[in-house]
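Structural overview for review
Next come the chains, spelled out residue by residue.
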Amino acid sequence: MVRRKKTTIFTDAKETTTVRELKKIIQGIMKVEPENQQLMNERGTEIFDDDKQLSDYNLSAQTARAQSPATVALVFRQENGEFESLDITPLSSPPELPEVMKPQETQAHDMN
């Protein structure tokens, strides 16, 4: 999944997909040219090279599954030519279940 601020994009890409190809997928969704996008790891410590494959960044079927997708961070170039700083809003957590919806403990003895 690709994340930027409050936006999350779920996309299916192969290990052999290049960073440039992923940027083209993002362009189709976000309408931002690939040269105005920068992809990096979710901590922002490694900027992805357009010519490298996702597998070069340890993004593979073993590390990115549908039920546990890998996160790629996205930033856009600003009008001044600089890329914006990385800002990813944390995903929300579901609220705690109300007491009436929690499983009831079973009785230790049977009432027969």
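Please read these numbers as outputs of a predicted model, since none were measured by experiment.

We now examine the environment of Gln37. Here Gln37 shows up in strand E3 (residues 37-41). Along the primary structure Gln37 and Ala64 are separated by 27 residues, whereas in three dimensions their C-alpha atoms are 22 Å apart. The residues contacting Gln37, other than those within four sequence positions of it, are Lys23, Ile26, Gln27, Val32, Leu74, Val75, Phe76 and Phe83.

Moving on, we come to the side chain of Gln37. Classification of Gln37 by relative accessible area gives buried; the value is 1%. Polar side-chain contacts of Gln37 include one of 2.8 Å to the backbone oxygen of Val32.

This next bit is on the pattern of salt bridges. Tallied over the full model, the rule gives 6 salt bridges. As a salt-bridge pair, Arg20 and Asp51 come within 2.6 Å of each other at their nearest N and O atoms. Residue Arg20 is found in helix H1 (residues 19-30), and its partner Asp51 is found in the loop between E3 and strand E4 (72-76); the two are separated by 31 residues along the sequence. Given the relative accessible area of 56%, Asp51 is considered exposed. We note a salt bridge from Lys102 to Glu99, for which the minimum N-O separation is 3.1 Å. Each member of the salt-bridge network shares a partner with another, and the members are Arg4, Lys5 and Glu84.

Glycine aside, the phi torsion of most residues is negative, and most peptide linkages are trans. Within the chain, Lys5 stands out as a residue other than glycine whose phi angle is a positive 50°. Relative to the helices and strands, Lys5 resides in the loop between strand E1 (2-4) and strand E2 (7-9). The class of Lys5 is partly exposed, set by a relative accessible area of 34%. Residues other than glycine seldom take positive phi values, yet Lys31 does so here, at roughly 60°. Within the secondary structure, Lys31 is located in the loop between H1 and E3. The class for Lys31 is exposed, based on a relative accessible area of 67%.

What counts as what
Every chain's residues receive numbers from 1 upward, in the order its sequence appears when written. Two thresholds apply to this predicted model, a pLDDT of at least 70 for residue-level local features and 80 or more for giving and counting side-chain atom pairs, whereas whole-chain, interface and lining totals are computed over all residues. Side-chain calculation: all heavy atoms of the structure are included, whereas hydrogens and water are not. Each helix is a run of H or I in the DSSP string that is no shorter than four residues. Each strand is a run of E no shorter than two, and both are numbered from the N terminus. Between two residues, a contact is recorded if the distance between any of their heavy atoms is within 4.5 Å. Residue burial is assigned from relative accessible area. The probe radius is 1.4 Å, only protein chains are included, and a residue is buried under 20% of its type maximum, exposed over 50%, and partly exposed in between. Throughout this description, a polar contact denotes any pair of N or O atoms lying within 3.5 Å of each other; where both atoms belong to protein, one of them has to be capable of donating a hydrogen while the other can accept it, and for residues adjacent in sequence the pair is counted only when both atoms sit in side chains. Salt bridges are defined as contacts in which a side-chain nitrogen from Lys or Arg sits within 4 Å of a carboxyl oxygen from Asp or Glu.

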